[in-house]
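Okay, here's what each chain looks like letter by letter:
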Amino acid sequence: MARRAAAPAGPLGDDFSFVSPVAKYVLFFFNLLFWVISVVLVAVGVYARLLKHAEAAVACLAVDPALLLITVGVLTFLITFCGCVGSLRENICLLQLFSVCLTIIFLLQLAAGVLGFVFSDKARGKVSEIINGAIVHYRDDLDLQNLIDFGQKEFSCCGGVSYKDWSQNMYFNCTASNPSRERCAVPFSCCLRDTSQAVINTMCGHGMQARSYLEASAFIHTNGCIDKLVNWTHSNLFLLGGITLGLALPQLVGIVLAQLLINQIRDQIKLQLYNQQHRADPWY
């Protein structure tokens, strides 16, 4: 007599879930943290933007730090919103959108790093173009002015290629027809630091463009910021690599958690469909 085949093992109950609460809530709080950061970035950017004069805001859109904060904040807000809601509601579409956006951002960062290394000369030219544009709008935007002053102080430099690049600014232009009281001057952030002075002399850069390199070097930094920036980059490759890794690691963690949660949700859907189709089976 033929032996009866063994009955299949009973299916998992309706109360069983493939979705791991750990993966779900880690991804949720991970996105919630960056969602809060994005709101702060947007708030700071909007506040800084509202403090600017309308004409200055229009003239300096390309190099406006406030606009950069708003853009990064809004993008981060939208992406992390998809991650928060998608993980909490176990929504595959939102999780896929979140994962795809993070993947695109990661690949763009990787491509930018590779292209910047391969085409270093063109990258240097682009940096020079940005710095020259910032010099032109130095007096038009207080945030930009503070950013340039901070950079020139930290890198002990002045201008793009040299201190005479400040002649591109209408206030510091060194032509005889310039009526500005700052004609042939450079910002005080170009000046050599005198630790004995209790009060900063903001007039120390006046007339420096009219002097030769040797004469001006006794009072200000004559080397441009581009070479200083390149040298600093070469000297701090490990630091830059660590920062890059620190930015990429959260993105990779988010992508992995999102894909893990998506697979778990799909398995849960399959389980629910299986249970619905086999409720009438004798072994159910």
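Rules used throughout
Residues numbered from 1 in each chain as written. Predicted model: local features only at pLDDT ≥ 70, side-chain atom pairs only at ≥ 80, totals over all residues. Heavy atoms only, no water. Axes fitted to C-alpha atoms, helices over the stretch in contact; angles between N-to-C directions. Helix = DSSP H or I, 4+ residues; strand = E, 2+ residues; numbered from the N terminus. Parallel < 35°, antiparallel > 145°, perpendicular 65-115°, else oblique. Left-handed = near helix turned anticlockwise from the far one by under 90°. Contact = heavy atoms within 4.5 Å. Nonpolar A, V, L, I, M, F, W, Y, C, P; charged D, E, K, R; others polar. Disulfide = S-S within 2.5 Å. Buried < 20%, exposed > 50% of the residue type's maximum accessible area, 1.4 Å probe, protein only. Polar contact = N/O pair within 3.5 Å; in protein donor to acceptor, adjacent residues only side chain to side chain. Core = buried A, V, L, I, M, F, W, Y, C linked by side-chain atoms within 4.5 Å. Phe/Tyr/Trp six-rings, centres within 6.5 Å; stacked < 30°, edge-to-face > 60°.

Per an unreviewed UniProt entry, the protein carries the name Tetraspanin and comes from Cettia cetti.

*Asks:* Just to check I follow, could you spell out the packing of helix H1 (residues 21-50) against helix H9 (residues 237-277) for this structure?
*Replies:* The relative placement of two packed helices is expressed as an angle between their axes plus a distance between the axes. With their axes 10 Å apart at the nearest point, H1 and H9 run at an angle of 140 degrees to one another. In terms of orientation, H1 lies oblique with respect to H9. Note on packing geometry: the crossing formed by H1 with H9 is left-handed. Where H1 abuts H9, its residues Ala-23, Lys-24, Val-26, Leu-27, Phe-30 and Phe-34 lie against Pro-250, Gly-254, Leu-257, Ala-258, Leu-260, Leu-261 and Gln-264. Residues that form the contact of H1 with H9 fall into these classes: 10 nonpolar, 2 polar and 1 charged.

*Asks:* Is there a simple way to think about the state of the cysteines in this case?
*Replies:* Two cysteines whose sulfur atoms are joined by a covalent bond form what is called a disulfide. Evaluated as defined, the whole model comprises 4 disulfides. Note on cysteine connectivity: Cys-157 is disulfide-linked to Cys-225, with sulfurs 2.0 Å apart. Here the S-S torsion is close to 90 degrees, and the disulfide linking Cys-157 with Cys-225 is therefore right-handed. Here Cys-157 is found in the loop between helix H6 (142-155) and helix H7 (213-216), whereas its partner Cys-225 is found in helix H8 (residues 225-235), with 68 residues between them in sequence. Taking relative accessible area as the criterion, Cys-225 reaches 13% and is therefore assigned buried. Bridging Cys-158 to Cys-190, the disulfide has an S-S length of 2.1 Å. The S-S bond linking Cys-158 to Cys-190 shows a torsion near 80 degrees; that makes this disulfide right-handed.

*Asks:* Help me out: how do you make sense of the side chain of Gln-152 in this one?
*Replies:* Its location among the elements puts Gln-152 in helix H6. Taking the relative accessible area as the measure of exposure, Gln-152 reaches 3% and is therefore buried. Not counting residues up to four positions away in its chain, the partners in contact with Gln-152 are Cys-157, Cys-158, Gly-159, Trp-166, Pro-187, Ser-189, Cys-190 and Cys-225.

*Asks:* Quick question: what am I supposed to make of the environment of Ser-189 here?
*Replies:* Mapped onto the fold, Ser-189 is located in the loop between H6 and H7. Note on Ser-189: relative accessible area 3%, which makes it buried. Spatially, the C-alpha atoms of Ser-189 and Phe-150 are 7.5 Å apart, while their sequence positions differ by 39 residues. Here Ser-189 is in contact with Asp-149, Gln-152, Lys-153 and Cys-157, once residues within four sequence places are set aside. Within the structure, the side chain of Ser-189 is placed 2.7 Å from the side chain of Gln-152, a separation counted as a polar contact.

*Asks:* Whenever I open this one, the nonpolar core confuses me. Can you help?
*Replies:* Ile-148, Cys-158, Tyr-163, Trp-166, Val-186, Cys-190 and Ile-220 are the most contacted members of the largest nonpolar core, which totals 18 residues. The set of elements that each furnish at least two residues to this core consists of helix H5 (120-136) and H6. In terms of residue count, the dominant contributor to this core is H5 (3 residues). Once you skip the residues sitting within four places of it in the chain, Ile-220 turns out to touch Tyr-163, Val-186, Cys-190, Cys-191, Leu-192 and Met-208. Grouped together as the second largest cluster of nonpolar side chains are 15 residues, Phe-30, Ile-92, Ile-255 and Leu-261 included.

*Asks:* Before we go on, may I ask you to explain the packing of aromatic side chains in this structure?
*Replies:* Between two aromatic rings, the relevant description is the distance of the centres plus the angle of the planes. For the coordinates displayed, the defined rule picks out 9 aromatic pairs. Summarising the aromatic geometry, the rings of Tyr-138 and Trp-166 are spaced 4.9 Å apart at their centres and angled 80 degrees between planes, so their arrangement reads as edge-to-face. Note that Tyr-138 is positioned in the loop between H5 and H6 and Trp-166 in the loop between H6 and H7, a separation of 28 residues in sequence. Owing to a relative accessible area of 1%, Tyr-138 belongs among the buried residues under this scheme. Each ring, one from Trp-166 and one from Phe-172, has its centre 5.5 Å from the other, and the planes form 90 degrees; the classification is edge-to-face. Since its relative accessible area comes to 0%, Trp-166 is described here as buried.

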